[in-house]
Amino acid sequence: LNTSNKPAIYLALLHHPVYNKNREIVATAVTNIDVHDIARSSRTYGLAGVFYVTPIESQQVLVSEILKHWTTGPGAKYNPVRAEAFANARVIASLELASQAVQEQENGQKPQWVATSAQADGQVSTYESYREQLTAGELPPQLLLFGTGWGITQEVLQRANIRLAPIKRAGEGAGQSGYNHLSVRSAVAIVLDRLLGNRAE
Ligand code: SAM
């Protein structure tokens, strides 16, 4: 039951278009652990859906098999709680199709794209201000974008309606190295907690 004014929030894990080490645009391989962990975090924080985005057909088959195993196959009997986590997760060929799928599910309302990155270039929103906007109840559906490989391409970052600030440790310059390269599943959990976590606890 949605008791707040928050819009429906979706998440896309992009295996394409992302950079590789040489800043070429590639499609990365899906990892089983990301599929599991991101579905569980998304379910915990009440997201309306999760898209694993890959244009590679064999990878789509792989993700579908994982999802099927846990939602309707032997995994569902073994662990019904896991089936619940996967209920709103699906594989899809592109970000545009994910966006369209949200629009269809949300009575024709186009989602805003909300990008994440370990680096801040361009204008970024603080978590506090975005959280406030979410609660104010005036936003259309939201599609949170997370990358793989060496991160989401500039083109997608620039097309995003909102860019969230990079997660960093507290303190001056975030330490000597400024290292803040989280695994995507850790980044998802932190972002979802900052945006949707229970602050009263
Ligand atoms: N190969 C890596 C892995 O094991 O997950 C993936 C690296 S990928 C670039 C990590 C993604 O997580 C980024 O595209 C971004 O969405 C998010 N991310 C990682 N570190 C972050 C940070 N400090 N702040 C915000 N998002 C971050």
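Residues numbered from 1 in each chain as written. Predicted model: local features only at pLDDT ≥ 70, side-chain atom pairs only at ≥ 80, totals over all residues. Heavy atoms only, no water.

Q: Give me the overall build of the chain: which residues, what numbers.
A: Counting its secondary structure elements, the chain contains 8 helices and 8 strands. Over its C-alpha atoms the chain spans a radius of gyration of 17 Å, differing by no more than 12% from the 17 Å that the globule rule assigns to 201 residues. With the principal axes as the frame, the chain shows a C-alpha extent of 50 × 45 × 35 Å. Summarising the internal contacts of the chain: among those between residues at least 6 apart in sequence, 77% fall at separations of at least 24. Carbon and sulfur atoms make up 48% of the accessible area of the chain, which amounts to about 10900 Å² in all. Positive and negative side-chain charges in the chain, numbering 18 and 17 respectively, have mean positions lying 4 Å apart. (Helix = DSSP H or I, 4+ residues; strand = E, 2+ residues; numbered from the N terminus. Rg over C-alpha atoms; globule rule 2.2 N^0.38 Å. Contact = heavy atoms within 4.5 Å. Areas by Shrake-Rupley, 256 points an atom, 1.4 Å probe, with all protein chains shown as cover. Lys, Arg positive; Asp, Glu negative; His and termini not counted. Charge placed at Lys NZ, Arg CZ, Asp CG, Glu CD.)

Q: Tell me about the site of the ligand, and please be specific about residues and values.
A: Taken together, 16 residues are adjacent to the ligand, and Thr 116, Gly 147, Ile 167, Asn 180 and Val 184 come closest. In this structure, a nitrogen atom belonging to the ligand sits 2.8 Å away from a main-chain N or O atom of Ile 167. Separating a nitrogen atom of the ligand from a backbone N or O atom of Leu 182 is a distance of 3.2 Å. For the ligand, whose unbound accessible area comes to 580 Å², protein coverage reaches 81%. Looking at the shell around the ligand residue by residue, the classes come out as 8 nonpolar, 8 polar and no charged. (Near = heavy atom within 4 Å. Polar contact = N/O pair within 3.5 Å; in protein donor to acceptor, adjacent residues only side chain to side chain. Nonpolar A, V, L, I, M, F, W, Y, C, P; charged D, E, K, R; others polar.)

Q: Give me the lowdown on the sheet that holds strand 8 (residues 162-163), citing residues and values where you can.
A: Taking strand neighbours across the sheet as the criterion, the 6 strands line up as 5-4-1-7-6-8 in an open arrangement whose pairing is parallel. Each having just a single partner strand, strand 5 (89-92) and strand 8 make up the two edges of the open sheet. As paired elements, strand 6 (residues 112-115) and strand 7 (residues 142-146) share 4 bridges and run parallel to each other. Considered in strand 7, the bridge of Ala 115 is made with Leu 145. Across the sheet, helix 6 (residues 127-136) lies against strand 1 (9-14), strand 6, strand 7 and strand 8, angled at about 150 degrees from strand 7, the strand it touches most. Across the sheet, helix 8 (residues 184-196) is in contact with strand 1 and strand 7; its angle to strand 7 comes to roughly 150 degrees. (Pairing = 2+ DSSP bridges. Axes fitted to C-alpha atoms, helices over the stretch in contact; angles between N-to-C directions.)

Q: Which residues make up the pattern of salt bridges, and what are the values?
A: Two side chains bearing opposite charge may form a pair once their charged atoms approach each other closely. Tallying each qualifying case throughout the model produces 8 salt bridges. The residue Arg 163 makes a salt bridge to Asp 121 at a minimum N-O spacing of 3.2 Å. With Arg 163 in strand 8 and Asp 121 in the loop between strand 6 and helix 6, the pair connects residues that are 42 residues apart, well separated along the chain. Taken together, the salt bridges that share partners define one network made up of Asp 34, Asp 37 and Arg 185. (Salt bridge = Lys/Arg side-chain N within 4 Å of Asp/Glu carboxyl O.)

Q: Give me the packing of aromatic side chains: which residues, what numbers.
A: Any aromatic ring pair is given by two values, namely how distant the centres are and how the planes are angled relative to each other. Applying the stated criterion across every chain, the model contains 1 aromatic pair. Over the aromatic face of Trp 70 sits the side chain of Arg 82, whose NZ or CZ is 4.8 Å from the ring centroid. Sitting above the plane of the Tyr 127 ring, Arg 194 keeps its charged end 4.7 Å from the centroid. (Phe/Tyr/Trp six-rings, centres within 6.5 Å; stacked < 30°, edge-to-face > 60°. Lys NZ or Arg CZ within 6 Å of the ring centre and 35° of its normal.)

Q: Give me helix 8: which residues, what numbers.
A: Spanning 13 residues, helix 8 covers 18 Å between terminal C-alpha atoms, matching the ideal 18 Å at 1.5 Å per step. Elements that come into contact with the buried residues of helix 8 comprise strand 1, helix 1 (32-44), helix 6 and strand 7. (Expected span 1.5 Å × (residues − 1).)

Q: Hey, could you go over the pairing of strand 6 for me, with residue numbers and the actual values?
A: Side chains Gln 112 and Val 114 of strand 6 all project onto a buried face; the interleaved residues Trp 113 and Ala 115 project onto the opposite face, where all are buried too. For the crossover from strand 6 across helix 6 to strand 7, the handedness is right-handed. As defined by bridge partners, strand 6 adjoins strand 8 across 2 bridges and the pair is classed as parallel. Within strand 8, the residue paired with Val 114 across the bridge is Ile 162. (Buried < 20%, exposed > 50% of the residue type's maximum accessible area, 1.4 Å probe, protein only. Right-handed = clockwise from strand over helix to strand, strands pointing away.)

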